[in-house]
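# Commentary on secondary and tertiary structure
Residue strings, one per chain:
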Amino acid sequence: MYSYVPLLVMIIAGGVVAVAGLLVSAIIGPKRYNRVKVANYECGLEATPNAGHEGRFPIKYFLTAMTFIIFDIEVVFLYPWAVSAGYLGLAGVISIGVFVFLITVPFIYEWRRGGLEWE
C-alpha cells in the first residue's frame, strides 16, 4: 500500500496546481469583455456569414485535429511496449506489429488523399 503514496501525492499536487491556476486567473485576470472576445473562433477563419447563425468552418481544421489525435494515441501506446518489449516475447512482437500496421493504413490513406499537405 505504501508504494501508491507517491502516486497519490502527485495526483493531489496536480489537482491543486490546476485548481490554483484557474482561481488565480479568475481573480487577477482582466474582465473587459467585448463582442470580439466572446465571438466563436476556430481555425483562424471567419465563419461564413450566410450559413445560418452558427456559421460553417473548413473541414481541414477538423481533419488536422483528428490526425493529431490518432497518431498521438499511437505514440502513447508504443511507449509501454518499448519499455517492456524484452518481457513480452513473440506474442508481444506480433501484437505490436498488428497495431502498427492498423495505424499505418489510415496514415497512408490520409497521405494519398493529401491530408498532410498544408496550404
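Predicted, not measured: the structure shown is a model, and the values here were computed from it.

With that out of the way, let us pick up the overall build of the chain. Helix and strand content of the chain: 3 helices and 0 strands. If you list the helices and strands of the chain from N to C, you get α-α-α. Relative to its full complement of 119 residues, the chain shows a buried share of 7%. Considering only residue pairs separated by 6 or more positions, the chain has 33% of its internal contacts joining residues 24 or more positions apart. For the chain, the accessible surface area stands at approximately 10700 Å², while carbon and sulfur atoms represent 71% of it.

Remark: helix α2 (residues 59-83) packs on helix α3 (residues 85-113), axes separated minimally by 10 Å, with the N-to-C direction vectors making an angle of 170°. In terms of orientation, α2 and α3 fall into the roughly antiparallel class. Residues L63, T67, I70, F71, E74, F77, L78, W81, A82 and V83 of α2 form the contact with α3, whose participating residues are A85, L88, G92, V93, I96, F99, V100, I103, F107 and E110. When grouped by side-chain class, the residues that make up the contact of α2 with α3 number 16 nonpolar, 2 polar and 2 charged.

For the rest of this paragraph, the subject is a nonpolar patch on the surface. On the surface, a cluster of nonpolar side chains totalling about 690 Å² of accessible area is made up of L90, V93, I94, V98, F101, L102 and V105. Relative accessible area serves as the criterion here: at 46%, V93 is assigned to the partly exposed category.

Bringing the UniProt feature "transmembrane region" (unreviewed entry) in the chain into the picture now. The UniProt entry lists residues 6-28, 61-81 and 87-109 under the feature "transmembrane region" (unreviewed entry), expressed in the numbering used here. Helix and strand shares over residues 61-81 are 100% and 0% respectively, and the end C-alpha atoms of the span are 31 Å apart.

With 29 residues, α3 extends only 34 Å from end C-alpha to end C-alpha; this falls clearly short of the ideal 42 Å at 1.5 Å per step. Maximal helix bending in α3 amounts to about 80°, located at A91. Taken together, the buried positions of α3 are G92, I96, I103 and E110.

Summarising the element assignment, T67 is placed in helix α2. Other than its neighbours up to four places away in sequence, T67 contacts E110 and L116.

This part is about the side chain of E110. Residue placement: E110 occurs in helix α3. For E110, the contacting residues outside a window of four places in its chain are L63, T67, G115 and L116.

This part covers the packing of aromatic side chains. Within this structure, the stated rule accounts for 3 aromatic pairs. For the ring pair F71 and F107, a centre distance of 5.3 Å and an interplane angle of 90° mean the geometry is edge-to-face. Of the two residues, F71 sits in helix α2 while F107 sits in helix α3, which places them 36 residues apart along the sequence. A relative accessible area of 32% means that F107 is categorised as partly exposed. Relative to F99, the ring of F77 lies with its centre 5.8 Å away and its plane at 80°, an arrangement referred to as edge-to-face. On the criterion of sequence distance, the pair formed by F77 in helix α2 and F99 in helix α3 is long-range, its members being 22 residues apart.

Each value, and the rule that gives it
Once a new chain begins, its residue numbering starts again from 1 and follows that chain's sequence as written. Confidence filtering applies because this is a predicted model: local features only for residues at pLDDT of at least 70, side-chain atom pairs given and counted only at 80 or more, and all residues used for totals across whole chains, interfaces and linings. Side-chain metrics in this entry use all non-hydrogen atoms of the structure; hydrogen atoms and water are not considered. Elements are defined by DSSP. Helices are runs of H or I of four residues or more, strands are runs of E of two residues or more, and each kind is numbered from the N terminus. Here the term buried applies to any residue with accessible area under 20% of the maximum for its type, exposed to any over 50%, and partly exposed to those in between, with areas from a 1.4 Å probe on protein chains only. The contact definition used throughout considers only heavy atoms, calling two residues in contact when any of these lie within 4.5 Å. Surface accessibility follows the Shrake-Rupley procedure with a 1.4 Å probe radius. Residue values consider only the protein chains on display as shielding. Orientation is described by lines fitted to C-alpha atoms, with helices fitted over the stretch in contact, and by angles between N-to-C directions that extend from 0 to 180 degrees. Any angle that is under 35 degrees is reported as roughly parallel, and any over 145 degrees as roughly antiparallel; angles of 65 to 115 degrees are reported as roughly perpendicular and all others as oblique. Under the scheme applied here, ten amino acids are nonpolar (Ala, Val, Leu, Ile, Met, Phe, Trp, Tyr, Cys and Pro), four are charged (Asp, Glu, Lys and Arg), and all others, including Gly, are polar. Two joining distances apply to patches: 9 Å for like charges and 5 Å for nonpolar side chains (Val, Leu, Ile, Met, Phe, Trp, Tyr), and every residue must have over 30% relative accessible area and no salt bridge. When a carboxyl oxygen of Asp or Glu lies within 4 Å of a side-chain nitrogen of Lys or Arg, that pair is called a salt bridge. UniProt positions are given in the numbering used here, feature names are shortened, and annotations may be inferred rather than shown by experiment. Here the expected length of a helix is defined as 1.5 Å per residue gap, with one fewer gap than residues. One axis fitted to the seven residues ending at a residue, another fitted to the seven starting there: the angle between these axes is the bend at that residue. Two rings from Phe, Tyr or Trp (for Trp, the six-membered ring) form a pair when their centres sit within 6.5 Å of each other. Planes less than 30 degrees apart are called stacked, planes more than 60 degrees apart edge-to-face, and all others tilted.

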